[in-house]
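Listed below are the residues making up each chain.
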Amino acid sequence: MNALAATNRNFRRAARILGLDSKLEKSLLIPYREIKVECTIPKDDGSLASFVGFRVQHDNARGPMKGGIRYHPEVDPDEVNALAQLMTWKTAVADIPYGGAKGGIGCSPGELSLSELERLTRVFTQKIHDLIGVHTDVPAPDMVTNAQTMAWILDEYSKFHGYSPAIVTGKPIDLGGSLGREAATGRGVVFSTEGFGNVGYWAAKLIHERGGKVVVVSDITGAVKNPNGIDISALIKHKETTGTLKDFQGGDSMDANELLVHDCDVLIPCALGGVLHKLVSFLYMMGNAGDVKAKYIIEAANHPTDPDADEILSKKGVIILPDIYANGGGVTVSYFEWVQNIQGFMWDEEKVNNELQKYMTRSFRDIKAMCQTHSCDFRMGAFTLGVNLLRVPLS
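An unreviewed UniProt entry lists the protein under the name Glutamate dehydrogenase, with Papaver nudicaule given as the organism. Heading Sequence similarities (unreviewed entry) of the UniProt record for the protein holds this comment: "Belongs to the Glu/Leu/Phe/Val dehydrogenases family."

Written as structure tokens, this is what we have:
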């Protein structure tokens, strides 16, 4: 099931539980605006290359639309649409005054030089600058984008609209970024767990610092396991030095695909969606959901669990903290950054982290209340909370 179908299915289940009016249900499924642009850039060798960029603005009933921009070869309209919709529910669950948006460019970042990535980012910004804004749509980093990407967007946008630090979040500290933003999604995952992409890096580091035993870590370069616990600080140093998890002396290499079914208490998928599934249809073979051994799944990635896999895991007694809650730390601290930019007053990191914990704790309490009211699991508790909060300004 693709990401859009899965997201719509979860939304419709929540709508039925809440008894949502059919007209309102339909209106909440339709995005406010879908943008598709062609981005042609000169490459370093003088040739021209074209890439397709997307920005989907899902809903602005609760405030400016908010969501990341990702660079990945598999970016497509359905995925961006689904992630924009998820951002609407995520910001509502966090109870921050935003709606949902998402963007991306279909490209292979590893095959582009830094100067080519900069040119691509600036051309994309030129194509959408009139459709984003401090009080309209505020981008942020996502998969394979970072503070530098946001700095390019800020600079290019400012050429048209004047210096506007609040146009993006997740930018460098020197340009108005917030202390604590880089670690925010991973820190939020830790907070949600208590009640290697960037998210995995910080989640593993912070869990390790709190005494948790991390037994397996993987990223696009490989996977490492150690049943006695991985020294995360040493692994991070090794990755920073070599650029890979391979040949780390503090653990054994393993097939990255085995991580999801490894024997552990808590599984935290941190990057791609759809990694836990019931059936890989094009191969006509069973998926991996039935083999998961973890007791808890914390969804640090967006849409890592297919709805059919959800049913299997639920029957196995696996407790899942859903993405629209568990990985909400990033957008919450993005909201803090936006507020700081508008006020022109910077917070210290302790205040950022303390406020994040307050928001995550409050959201978990509200989700539990919805679970009790509607006799549902955490995913439907989170979706009913988000949809219910959104329908109030629309009623």
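Engineer: For this particular structure, what's the right way to read the packing of aromatic side chains?
Structural biologist: We describe a pair of aromatic rings using the distance from one ring centre to the other and the angle between the two ring planes. If you walk through the whole model with that rule in mind, you get 9 aromatic pairs. Aromatic pair Tyr-98 and Tyr-335: ring centres 5.8 Å apart, planes at 85 degrees, arrangement edge-to-face. For Tyr-98, a relative accessible area of 1% translates into the label buried. Clustering of aromatic rings is evident, with ring pairs tying together Tyr-98, Tyr-335, Phe-336, Trp-338, Trp-347 and Tyr-359. Over the ring of Trp-347 we find Lys-351; its NZ or CZ atom is 4.7 Å from the centre of that ring. We note Arg-362 situated over the ring of Tyr-359; from NZ or CZ to the ring centre the distance is 4.5 Å.

Engineer: It is not clear to me how a nonpolar patch on the surface should be interpreted in this structure. Could you clarify?
Structural biologist: Taken together, the side chains of Val-266, Tyr-296 and Ile-319 present a nonpolar region at the surface, about 230 Å² in accessible area. Looking at the element boundaries, Ile-319 is found in strand β13 (residues 319-321). Classification of Ile-319 by relative accessible area gives partly exposed; the value is 36%.

Engineer: Is there a simple way to think about the pattern of salt bridges in this case?
Structural biologist: For side chains of opposite charge, pairing can occur when their charged atoms come near one another. One pass over the structure, following the stated rule, counts 20 salt bridges. Here Asp-323 ties to Arg-379 by a salt bridge, and the two come within 4.0 Å at their closest N and O atoms. Within this pair, whereas Asp-323 is found in helix α10 (residues 323-326), its partner Arg-379 is found in helix α13 (residues 378-394), the two being separated by 56 residues in sequence. Arg-379 shares its class with Asp-323; the two are buried. One continuous salt-bridge network, built from bridges that share partners, spans Glu-118, Arg-122, Asp-155, Glu-156 and Lys-159.

Engineer: Where do I start with helix α1 (residues 3-18) in this structure?
Structural biologist: What sets the pattern is the α-helix's 3.6 residues per turn: residues three or four places apart point alike. Here α1 contains 16 residues, and its C-alpha end-to-end distance of 23 Å stays within 8% of the 22 Å for a straight helix at 1.5 Å per residue. The complete set of buried residues in α1 reads Ala-3, Leu-4, Ala-6, Thr-7, Asn-8, Asn-10, Phe-11, Ala-14, Ala-15 and Leu-18. Residue Gly-19 follows α1 closely and has a positive phi angle near 65 degrees.

Engineer: Can you help me understand a negative patch on the surface in this one?
Structural biologist: On the surface, a cluster of negative charge is contributed by Glu-34, Glu-74, Asp-76 and Asp-78. As for its position among the elements, Glu-74 is in the loop between β3 (65-72) and α3 (77-94).

Engineer: Please clarify how the sheet that holds strand β8 (residues 252-253) should be interpreted in this entry.
Structural biologist: Strand pairing within a sheet occurs via backbone hydrogen bonds; the two strands may be parallel or antiparallel. The strand order β6-β7-β8 describes an open sheet built from 3 strands, whose pairing is antiparallel. The strands lining the two open edges of the sheet, one partner per strand, are β6 (216-219) and β8. Sheet topology note: the β6/strand β7 (residues 222-225) ladder contains 4 bridges and is antiparallel. Of the residues in β7, the one forming a bridge with Val-217 is Val-224.

Engineer: Looking at this model, I keep getting lost on the UniProt feature "binding site: NAD(+)" (unreviewed entry) in the protein. Mind explaining?
Structural biologist: Under the present numbering, the feature "binding site: NAD(+)" (unreviewed entry) in UniProt falls on Thr-185 and Asn-198. With respect to the secondary-structure elements, Thr-185 resides in helix α6 (residues 184-194). Overall, the relative accessible area of 14% leaves Thr-185 in the buried class.

Engineer: I tried to follow the side chain of Lys-90 on my own but got confused; where do I start?
Structural biologist: Tracing the backbone shows Lys-90 in helix α3. In this structure the side chain of Lys-90 is engaged in a polar contact, spanning 2.6 Å, whose partner is the side chain of Asn-327.

Engineer: What's the story with the sheet that holds strand β9 (residues 266-267) in this structure? I'm lost.
Structural biologist: If you trace the 3 strands from one edge of the open sheet to the other, you get β9-β12-β13, paired in parallel fashion. The open sheet has two edge strands, β9 and β13, and neither has a second partner. Looking at chain direction, strand β12 (residues 296-298) and β13 are connected through 3 bridges and run parallel. In the sheet register, Tyr-296 faces β13, and the bridge partner there is Ile-319.

Conventions adopted
Residues numbered from 1 in each chain as written. Predicted model: local features only at pLDDT ≥ 70, side-chain atom pairs only at ≥ 80, totals over all residues. Heavy atoms only, no water. UniProt positions renumbered as here; feature names shortened; annotations may be inferred. Phe/Tyr/Trp six-rings, centres within 6.5 Å; stacked < 30°, edge-to-face > 60°. Buried < 20%, exposed > 50% of the residue type's maximum accessible area, 1.4 Å probe, protein only. Lys NZ or Arg CZ within 6 Å of the ring centre and 35° of its normal. Patch = residues over 30% accessible without salt bridge, like charges linked within 9 Å, V, L, I, M, F, W, Y side chains within 5 Å. Areas by Shrake-Rupley, 256 points an atom, 1.4 Å probe, with all protein chains shown as cover. Salt bridge = Lys/Arg side-chain N within 4 Å of Asp/Glu carboxyl O. Helix = DSSP H or I, 4+ residues; strand = E, 2+ residues; numbered from the N terminus. Expected span 1.5 Å × (residues − 1). Lys, Arg positive; Asp, Glu negative; His and termini not counted. Charge placed at Lys NZ, Arg CZ, Asp CG, Glu CD. Pairing = 2+ DSSP bridges. Polar contact = N/O pair within 3.5 Å; in protein donor to acceptor, adjacent residues only side chain to side chain.

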